[in-house]
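Given next are the chains, with one letter for each unit.
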Amino acid sequence: RVKVLPAGTESKVERISTFDGDLEMAGAPRSVAIVLEDEIDASRGDVIVAADDPALVSDRITADLVWMHEDRLSPGREFILRHGTRVTPCRVRRIVEKLDIDTLDRNPAESLELNEIGRVELETDFPLAFDPYERIRGTGSLILVDRIGNWTMAAGMIRGRTEDQRWTATPM
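Parameters and conventions
Residues numbered from 1 in each chain as written. Predicted model: local features only at pLDDT ≥ 70, side-chain atom pairs only at ≥ 80, totals over all residues. Heavy atoms only, no water. Helix = DSSP H or I, 4+ residues; strand = E, 2+ residues; numbered from the N terminus. Buried < 20%, exposed > 50% of the residue type's maximum accessible area, 1.4 Å probe, protein only. Contact = heavy atoms within 4.5 Å. Areas by Shrake-Rupley, 256 points an atom, 1.4 Å probe, with all protein chains shown as cover. Lys, Arg positive; Asp, Glu negative; His and termini not counted. Charge placed at Lys NZ, Arg CZ, Asp CG, Glu CD. Pairing = 2+ DSSP bridges. Axes fitted to C-alpha atoms, helices over the stretch in contact; angles between N-to-C directions.

(A) Examining the overall build of the chain more closely. Looking only at helices and strands, one finds zero helices and 13 strands in the chain. Reading the chain from its N terminus to its C terminus gives the helix and strand order β-β-β-β-β-β-β-β-β-β-β-β-β. The C-alpha extent of the chain, read off along each of the three principal axes, is 55 × 30 × 30 Å. Across the 172 residues of the chain, 35% fall into the buried class. Considering only intrachain contacts with a sequence separation of at least 6, the fraction spanning at least 24 residues in the chain is 65%. Only carbon and sulfur atoms are counted for the fraction: they give 49% of the accessible area of the chain, which is about 10400 Å². The positive charge centre, built from 23 side chains, and the negative charge centre, built from 32, are 1 Å apart in the chain.

(B) Broad picture of the sheet that holds strand β3 (residues 13–18). Ordered in space as β4-β3-β5, the three strands form an open sheet in which the pairing is antiparallel. Sheet topology places β4 (21–23) and β5 (33–36) at the edges, where each strand pairs with a single neighbour. Strand after strand, the sheet turns through a mean of 40° between neighbouring axes, direction not considered. For β3 and β5, the ladder comprises four bridges, and the chain directions are antiparallel. Counterpart to I16 in the pairing with β5 is I34.

(C) Expanded view of the pairing of strand β9 (residues 86–99). Where strand β8 (residues 78–83) meets β9, six bridges bridge the pair, whose relative direction is antiparallel. Of the residues in β9, the one forming a bridge with L81 is T88. Where β8 folds back onto β9 in an antiparallel hairpin, the turn is made up of two residues, including G84, whose phi is positive at roughly 60°. Inspection of the sheet shows β9 paired to strand β11 (residues 117–130) by eight bridges, in the antiparallel sense. When the sheet's bridge partners are listed, V92 is paired in β11 with L122. The sheet contact formed by β9 and strand β10 (residues 106–108) spans three bridges and is antiparallel. Within β10, the position partnered with K98 by the bridge is N107. Between the end of β9 and the start of β10, which pair antiparallel, lie six residues, with L104 showing a positive phi angle near 65°.

Listed below in structure tokens is the structure:
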């Protein structure tokens, strides 16, 4: 049994098909077509997982970012978030803390400057299916891209769902 996320639709793998014929099992980086028993809606960016071990799904995530642009990162800023093949608009709701790279202390912060590392809370327009970076790097990483110039602004590691779901309005 498999589950297609973020929708949560379940089905069973009928067969794994390749140009050379069907396979009993396949793994990365092999290209295959997965044929499911049921006709379900699966789109680019959706994730197929084992039904008994699904990834997390949320539109509010906490991530550690390295900020890679001269302009300061402040709450309320909007970006395009790239996560695997999923692309969705997002906004920075809160900067939780900044890492002091000399002492490894974490201190409260309201912004991030060029090359600073910090923990942020993001809200996405479409839910992401992800694993914490510590569990699976491929589904636990993301980049933030400028909406106008298409520049990579930050790279990040997803830590999990944002626990506090009560968002407050942030100045733009």
